[in-house]
Every structure is written in C-alpha cells, then in structure tokens.
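Chain by chain, the residues run as shown.
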Amino acid sequence: MIRFSGVDHMDQPSLYDDDIVTWAEQQAAAVRALASRPDLSNALDWENVAEEIESVGRSQISAVEQKLLQVLIHVLKYMSAPSAQSTRSWRSEVIAFHAAAHRAYSPGMRQRIDWSWLWKTARIQAEVSLRMFDDRLVVGLPDAIPFTPEELVSETFTMDWALERLASTLNRPADHH
C-alpha cells in the first residue's frame with residue numbers, strides 16, 4: 001500500500017467525493033513528492049501533472065463561486081425591485097443556482113472562495129442589470145457580505161430568508177423606510 005503524507009490511498013475515494021479541493025491539493029503534493037525522487041523516471045512532466053490535478057480543485061471553486069454570485073445578484077435585484085416583472089424568474093433561478101452550489105460546495109472551499117469579491121461583484125452586476133430597466137440597487141447595503149459561507153450554502157437557504165437577512169442589514173436613516 002502506497003502512503004503519501006501519512007494518508008492511505010484507500011482513504012482517497014472518500015476524500016475525493018467529500019472534498020475534491022483538498023483531495024486535489026493532496027494529490028498534487030504527492031505527485032510533487034514523487035517528482036523529487038531521483039529513482040523515478042523523468043518521462044512524466046511531474047510539475048504540469050501536479051498543476052493539472054490542482055486545476056480540478058480550482059475549477060470546482062470557480063463553478064461554486066459563479067453559482068453563488070448568481071444567487072446574490074438575484075437576491076439583490078429582488079430586494080431592489082420587488083415589483084419587477086422578472087421576480088418569478090429570479091426566485092426560480094435562486095433555487096436552481098443555490099441547489100447547484102450547495103451540491104458542489106465542499107469544506108475545503110471556504111477559505112479559498114473570495115467572499116468579499118463575490119459580494120462586491122454581485123452588487124455591481126445587480127446594479128448594471130437593474131439600470132437596464134430604470135431600477136436602482138437598494139440604498140444602504142452593507143459593504144461586507146451579510147451572509148456567512150455556511151448560510152449561503154446551507155440546505156435551508158431560501159430567497160425569503162435571504163431577503164429578510166438583507167433587509168435587516170440595510171443602513172438606512174430611520175425616516176426612510
């Protein structure tokens with residue numbers, strides 16, 4: 001049985017299924033460790049093989065980021081223009097994007113997703129989208145993302161919950177409700 005970094009290869013299928021980002025990092029490290037052994041063939045392009053393995057994890061992170069970005073954009077648009085014609089499709093898309101993000105998210109992604117970028121980009125894209133229909137982004141949105149990563153990918157996440165949370169974070173003067 002081959003062991004790398006104290007991890008049995010028999011444990012890898014489970015890690016691959018549960019946290020592909022961490023699995024990819026461990027596999028790339030194992031490939032790099034093999035590359036440093038003088039007794040092994042140089043026929044393999046070890047560094048590029050390791051980078052390709054790592055790219056599996058990066059592509060999974062990117063896919064989850066894009067799905068969460070769409071969730072946030074639609075929540076922001078709904079919050080800002082609740083009487084718009086598109087609210088049904090926004091609600092439907094939030095359900096679909098969230099389900100896909102929830103399914104693909106793994107614990108190894110938490111520290112690798114740029115949550116600040118997600119929030120900033122969602123705000124910008126929602127604003128641009130709303131302006132096409134003469135609507136504007138709601139005033140008083142927080143600068144920092146008002147959801148924790150766990151809340152965003154939770155099985156219990158809903159559009160209504162997100163709207164309530166977002167409404168509770170708005171920085172509005174008391175006379176402008």
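Above: the structure in question.
Residues numbered from 1 in each chain as written. Predicted model: local features only at pLDDT ≥ 70, side-chain atom pairs only at ≥ 80, totals over all residues. Heavy atoms only, no water.

Caption draft 1: Region of the structure containing the overall build of the chain. Each helix and strand in the chain was counted, giving 7 helices and 2 strands. When the helices and strands of the chain are listed from N to C terminus, the series reads β-β-α-α-α-α-α-α-α. The buried share of the chain, reckoned over its 177 residues, is 38%. Long-range pairs, those at least 24 residues apart, make up 69% of the contacts in the chain between residues at least 6 apart in sequence. Taken as a whole, the chain presents about 10600 Å² of accessible surface, with 53% of it coming from carbon and sulfur. (Helix = DSSP H or I, 4+ residues; strand = E, 2+ residues; numbered from the N terminus. Buried < 20%, exposed > 50% of the residue type's maximum accessible area, 1.4 Å probe, protein only. Contact = heavy atoms within 4.5 Å. Areas by Shrake-Rupley, 256 points an atom, 1.4 Å probe, with all protein chains shown as cover.)

Caption draft 2: Just the pattern of salt bridges, in detail. Summed over all chains, the structure comprises 10 salt bridges. The salt bridge involving Glu127 is made with Arg136; its shortest N-O contact spans 3.8 Å. A salt bridge links Arg165 to Glu151; the shortest N-O distance between them is 2.8 Å. Taken as a pair, Arg165 in helix 7 (residues 159-169) and Glu151 in helix 6 (residues 149-153) lie far apart in primary sequence, 14 residues in all. (Salt bridge = Lys/Arg side-chain N within 4 Å of Asp/Glu carboxyl O.)

Caption draft 3: The arrangement of the packing of helix 2 (residues 20-35) against helix 3 (residues 46-80) in detail. Direction vectors running N to C along helix 2 and helix 3 enclose 175°, while the axes themselves pass 8 Å from each other. Comparing their axes, helix 3 and helix 2 come out roughly antiparallel. Side by side, helix 2 and helix 3 meet where Ile20, Val21, Trp23, Ala24, Gln27, Ala28, Val31, Arg32, Leu34 and Ala35 of the first sit next to Trp46, Glu47, Val49, Ala50, Glu51, Ile53, Glu54, Val56, Gly57, Gln60 and Ile61 of the second. Counted by class, the contact of helix 2 with helix 3 contains 14 nonpolar, 3 polar and 4 charged residues. (Axes fitted to C-alpha atoms, helices over the stretch in contact; angles between N-to-C directions. Parallel < 35°, antiparallel > 145°, perpendicular 65-115°, else oblique. Nonpolar A, V, L, I, M, F, W, Y, C, P; charged D, E, K, R; others polar.)

Caption draft 4: Here's a closer look at the environment of Thr22. As for its placement among the helices and strands, Thr22 is situated in helix 2. With 35 residues separating them in the primary sequence, Thr22 and Gly57 have C-alpha atoms 7.6 Å apart. Not counting chain neighbours up to four residues away, the residues in contact with Thr22 comprise Leu15 and Gly108.

Caption draft 5: Geometry of the packing of helix 3 against helix 5 (residues 115-131). Between helix 3 and helix 5, the least distance of the axes is 8 Å, while the angle of their chain directions is 50°. Judged by the inter-axis angle, helix 3 sits oblique to helix 5. Pair helix 3 / helix 5 crosses with right-handed handedness. In this structure, helix 3 uses Glu65, Gln66, Leu68, Leu69, Gln70, Leu72, Ile73, Leu76, Lys77 and Ser80 to contact helix 5, whose residues at the interface are Trp115, Trp117, Leu118, Trp119, Thr121, Ala122, Arg123, Gln125, Ala126, Ser129 and Leu130. (Left-handed = near helix turned anticlockwise from the far one by under 90°.)

Caption draft 6: Structural detail: helix 4 (residues 87-104). Here helix 4 spans 26 Å end to end across 18 residues, near enough to the 26 Å set by a 1.5 Å rise per residue. Among the residues of helix 4, Thr87, Trp90, Val94, His98 and Ala101 are the ones counted as buried. Buried positions in helix 4, seen along its axis, are confined to an arc of 65° and lie on one side of it. The outward face of helix 4, more than 90 degrees from its buried face, is lined by the exposed residues Arg88, Ile95 and Arg103. Buried residues along helix 4 sit in contact with helix 3, helix 5, helix 6 and helix 7. (Expected span 1.5 Å × (residues − 1). Arc of directions from axis to C-beta.)

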